[in-house]
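An overview of the molecular structure
Residues per chain, in single letters:
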Amino acid sequence: MFFIIILAMLLSVYASWKVSSNYRKYSQVLASSGMTGAEVAQRILSLNEIRDVTIHAAPGHLTDHYDPSNRRLVLSEENYHGQSVAALGIAAHECGHAIQHNQLYAPLQWRMAAVGITTMAGNIIPIVAIGGMFFLSFKIVLPVLAVAFGIVMLFQLVTLPVEFDATARAKKILLSTGAVTQGAEFNAMSKVLDAAALTYVAAFLSALASFLHYAMLIMGRRDDEE
Ligand SMILES: [Zn+2]
């Protein structure tokens, strides 16, 4: 139990360090295709006959995401205009989500359905945790926290296939369209996307550790009462 918490903490520090160091390094490596992130994204969407998704540039560092409710593919300015292997990899990864949405890929559907309740659980956790320090009884606090972290944990679990699948699609498409060449360009792009995937594994493990922590506290108290 304690081991999972430490592992999750170490992994999340390592993963976020790896994401920023790989991105810094490979956003300097230009792809020989000369395409920008926005051009690659447009190309991928067209090839998949997705016409209802619009591509936007957003300020900020690594703000890239796909917004399924508005069918918007949002790229950070440096990836929208960038011609690096990192920019093309991230643009293609976000396209992977748009393709998942278009094909009604099941884990993405589950994830979308769970966003509302997960946001609610995320809001409840700090309120109940603080309330527990002052006036709420453990009998209320522990089960509420266990359920809330359980919901967050399941959400992070469903996120894993969504993210790994988007990255797998991105790698395949970038090679087949020639946006990134096999060898050094492909390997560099893969390092950026694989590091990003690791952050989702770390997020899942830390939610799992929190859930197990509260579940075991409840079981421990039950044993005391018997
Ligand atoms: Zn993603």
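Everything that follows concerns the structure shown earlier in this document.
Time to look at the overall build of the protein. Along the protein, the regular secondary structure elements total seven helices and three strands. In the protein, the order of α-helices and β-strands from amino to carboxyl end is α-α-β-β-β-α-α-α-α-α. Within the protein, residue pairs in contact and separated by at least 24 positions form 73% of the contacts whose partners lie at least 6 positions apart. In the protein, 15 positive and 16 negative side-chain charges are present, and the distance between their average locations comes to 3 Å.

With that settled, consider the pairing of strand E3 (residues 72-76). Where burial is concerned, most of E3 is hidden: four out of the five residues are buried. Here strand E1 (residues 54-58) pairs with E3 via five bridges, running parallel. Counterpart to alanine 58 in the pairing with E3 is serine 76. Here strand E2 (residues 65-67) runs beside E3; their pairing, made up of three bridges, is antiparallel. By the bridge assignment for E3, aspartate 67 is matched with arginine 72. Turn length for the E2-E3 hairpin, with the two strands adjacent in sequence and antiparallel, is four residues, and the turn residue arginine 71 shows positive phi of about 50°.

Residues Val40, Ile44, Leu45, Val53, Leu73, Leu88 and Leu174 are the most contacted members of the largest nonpolar core, which totals 33 residues. Those elements giving two or more residues to this core turn out to be helix H1 (2-26), helix H2 (37-47), E3, helix H4 (85-102), helix H6 (138-177) and helix H7 (184-225). The dominant element in this core, judged by the number of residues it contributes, is H4, at nine residues. Beyond its immediate sequence surroundings of up to four residues, leucine 174 is in contact with Val40, Leu88, Gly89, Ala92, Ala179, Val180 and Met189. Among the nonpolar cores identified, the runner-up in size contains 21 residues, and Ala8, Ala121, Leu208 and Tyr214 belong to it.

This paragraph deals with a nonpolar patch on the surface. Residues Ile117, Met120, Ile124, Ile140 and Val144 make up a contiguous nonpolar surface patch of roughly 410 Å² in combined accessible area. Looking at the nonpolar patch, the elements that each hand over two or more residues are helix H5 (106-134) and H6. At three residues, H5 tops the list of elements feeding residues into the nonpolar patch.

Another aspect to go through is the sheet that holds E3. Strand order in this open sheet of three strands is E1-E3-E2, and the pairing throughout is mixed. Each having just a single partner strand, E1 and E2 make up the two edges of the open sheet. The average angle at which neighbouring strand axes cross in this sheet is 25°, direction not considered. On the sheet, H2 packs against E1 and E3 and is oriented at approximately 160° with respect to E3.

Here the zinc ion is held by the protein donor atoms His93 (NE2), His97 (NE2) and Glu163 (OE), which lie 2.0 to 2.1 Å from it. Between consecutive donors of the zinc ion, the numbers of intervening residues give the motif H-x3-H-x65-E. Here histidine 97 is found in helix H4, whereas its partner glutamate 163 is found in helix H6, with 66 residues between them in sequence. Each member of the pair, histidine 97 together with glutamate 163, is buried.

So, how was this worked out
- Residues numbered from 1 in each chain as written.
- Predicted model: local features only at pLDDT ≥ 70, side-chain atom pairs only at ≥ 80, totals over all residues.
- Heavy atoms only, no water.
- Helix = DSSP H or I, 4+ residues; strand = E, 2+ residues; numbered from the N terminus.
- Contact = heavy atoms within 4.5 Å.
- Lys, Arg positive; Asp, Glu negative; His and termini not counted.
- Charge placed at Lys NZ, Arg CZ, Asp CG, Glu CD.
- Buried < 20%, exposed > 50% of the residue type's maximum accessible area, 1.4 Å probe, protein only.
- Pairing = 2+ DSSP bridges.
- Core = buried A, V, L, I, M, F, W, Y, C linked by side-chain atoms within 4.5 Å.
- Patch = residues over 30% accessible without salt bridge, like charges linked within 9 Å, V, L, I, M, F, W, Y side chains within 5 Å.
- Areas by Shrake-Rupley, 256 points an atom, 1.4 Å probe, with all protein chains shown as cover.
- Salt bridge = Lys/Arg side-chain N within 4 Å of Asp/Glu carboxyl O.
- Axes fitted to C-alpha atoms, helices over the stretch in contact; angles between N-to-C directions.
- Donors = N, O, S within 2.8 Å, 3.2 Å for Na, K, Ca; no water.

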